[in-house]
Amino acid sequence: MTKTIRYAIIVAILLVLNLGLVFTKGSLSRSSFDDELFAIQDIELVQSIEITKNGELIKLARAENSWQLNDRFEADQNFMQVLFSLLSQVKVKRSVGTLDQEVAGTIKITSTNGALYFDFASDPLGTRSYFVKDGTAYQVEVPGYRDNVVNIFQLSEDQWRDRMVFDGSWRTIQKLTLDSKENELTITFNNQFFEVEGVAVIDSSGVVDYLNQFQVFQANEMLSEGRFPELDSLKATNPLATLRIEDIQNSDQIVFQIYPNLNGQPYHLVTKNDQSMMVFDQRRIQSILKSNQDFVAK
């Protein structure tokens, strides 16, 4: 047997051994975990999602045309879409066995097919996400999603609340008044177009642009009383301005009380109809605080 033939035989044997190792590893990898262990295949079947963390329960339940939060509020539909996108695409990257740190909370997803339970956690740096099921921890990820997967489960009740507090435009608003020490504004629809009190010739495009900023009018964040005591105290003082809106889509007048920002903070406390509390970015508030003279035609 020549050296060339011997080398050929040795190479062939090595190739066979390598292929055997590859297929064996692949088989072991596939059998060690299901990469779609936590993925929800059909979101339409989900009836509720319960997130328990730090003694707080976040219950998101399907209603007729929306999702309800803790049977008290409308849930933010944008966050719900993100949540469902994550739950339908989440993949197990690897099994890590026993988790080294404490879990951050528990998830219960109830659907018409039954219920799925698992805990969630993150590494100390907040860069990796873990789901824990039946005592085994798995590192999970969503392909193409840059943020830490478990971050969405850390949202508070206020952050899950629907932030849209009004939805109107120049086509639906009938009257708007703004009363403050520095600004007085009254815009009224007169069956043809709008009139601005005290202004003979108005900037019509400016009026339309101003009213259109209330289309899908969203707060930066909703607030519950007691969460920020300093803002609770501010609510008991006189507002910086009062904004009243009459809209054909609402039977009652909408009243927003706008309060001054504290210590130069870049946001303002706002209340709606003396009940709901929220904060708005300072720049958004400045775009609202206009006077009649701002709409004089140039």
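No experiment lies behind these values; they were computed from the predicted model shown.

(A) The arrangement of the nonpolar core in detail. Formed by 35 residues in total, the largest nonpolar core has its most connected members in Ile49, Leu60, Leu83, Ile109, Phe131, Phe153 and Trp160. Those elements that place two or more of their residues in this core are strand E1 (46-53), strand E2 (56-62), strand E3 (67-69), helix H2 (77-89), strand E6 (105-111), strand E7 (114-122) and strand E9 (136-141). Ranked by the residues each element gives to this core, the list is headed by H2, at 5 residues. Excluding residues within four positions of it along the chain, Trp160 makes contact with Ile51, Ile58, Leu60, Leu69, Glu74, Ala75, Asp76, Phe79, Met80, Leu83, Ile152 and Leu155.

(B) Spatial organisation of the pairing of E6. Residues Gly105, Ile107, Ile109 and Ser111 line the buried face of E6, whereas the alternating positions Thr106, Lys108 and Thr110 sit on a face that is not buried. Sheet analysis places E1 next to E6, joined by 6 bridges and oriented antiparallel. If you follow Ser48 over to E6, its bridge partner there is Thr110. Bridge count between E6 and E7: 7 bridges; the pairing is antiparallel. Note on E7: the bridge partner recorded for Ile107 is Phe118. Where E6 folds back onto E7 in an antiparallel hairpin, the turn is made up of 2 residues.

(C) Region of the structure containing the sheet that holds strand E8 (residues 129-133). In space, the 9 strands of this open sheet follow the order E4-E3-E2-E1-E6-E7-E8-E9-E5, with antiparallel pairing throughout. On the outer flanks of this sheet lie strand E4 (73-74) and strand E5 (91-97), each paired with one strand and no other.

(D) A look at the side chain of Ser66. Mapped onto the secondary structure, Ser66 falls in the loop between E2 and E3. Given the relative accessible area of 13%, Ser66 is considered buried. Side-chain polar atoms of Ser66 contact the side chain of Glu74, separated by 2.9 Å. Sequence-distant contacts of Ser66, defined by excluding residues within four places in its chain, comprise Ala61, Glu74 and Gln77.

(E) Highlighting unusual backbone geometry. One non-glycine residue, Asp134, lies in the positive phi region at around 55°. Tracing the chain through its elements places Asp134 in the loop between E8 and E9. Phi at Asn191 is positive, roughly 80°, even though this residue is not glycine. Following the sequence through the fold, Asn191 ends up in the loop between strand E12 (184-189) and strand E13 (194-196).

(F) Quick peek at the packing of aromatic side chains. Taken as a whole and assessed by the stated rule, the structure comprises 15 aromatic pairs. Between Phe38 and Phe131, the aromatic rings sit 5.1 Å apart at their centres with planes inclined by 80°, giving edge-to-face as the arrangement. Placement of Phe38 in the loop between helix H1 (3-32) and E1 and of Phe131 in strand E8 is noted, with a sequence separation of 93 residues between them. Overall, the relative accessible area of 1% leaves Phe38 in the buried class. A relative accessible area of 1% means that Phe131 is categorised as buried. Aromatic pair Phe118 and Phe131: ring centres 4.5 Å apart, planes at 35°, arrangement tilted. Taken together, the residues Phe118 in strand E7 and Phe131 in strand E8 connect sequence positions 13 residues apart.

Calculation notes
Residues numbered from 1 in each chain as written. Predicted model: local features only at pLDDT ≥ 70, side-chain atom pairs only at ≥ 80, totals over all residues. Heavy atoms only, no water. Core = buried A, V, L, I, M, F, W, Y, C linked by side-chain atoms within 4.5 Å. Buried < 20%, exposed > 50% of the residue type's maximum accessible area, 1.4 Å probe, protein only. Helix = DSSP H or I, 4+ residues; strand = E, 2+ residues; numbered from the N terminus. Contact = heavy atoms within 4.5 Å. Pairing = 2+ DSSP bridges. Polar contact = N/O pair within 3.5 Å; in protein donor to acceptor, adjacent residues only side chain to side chain. Phe/Tyr/Trp six-rings, centres within 6.5 Å; stacked < 30°, edge-to-face > 60°.

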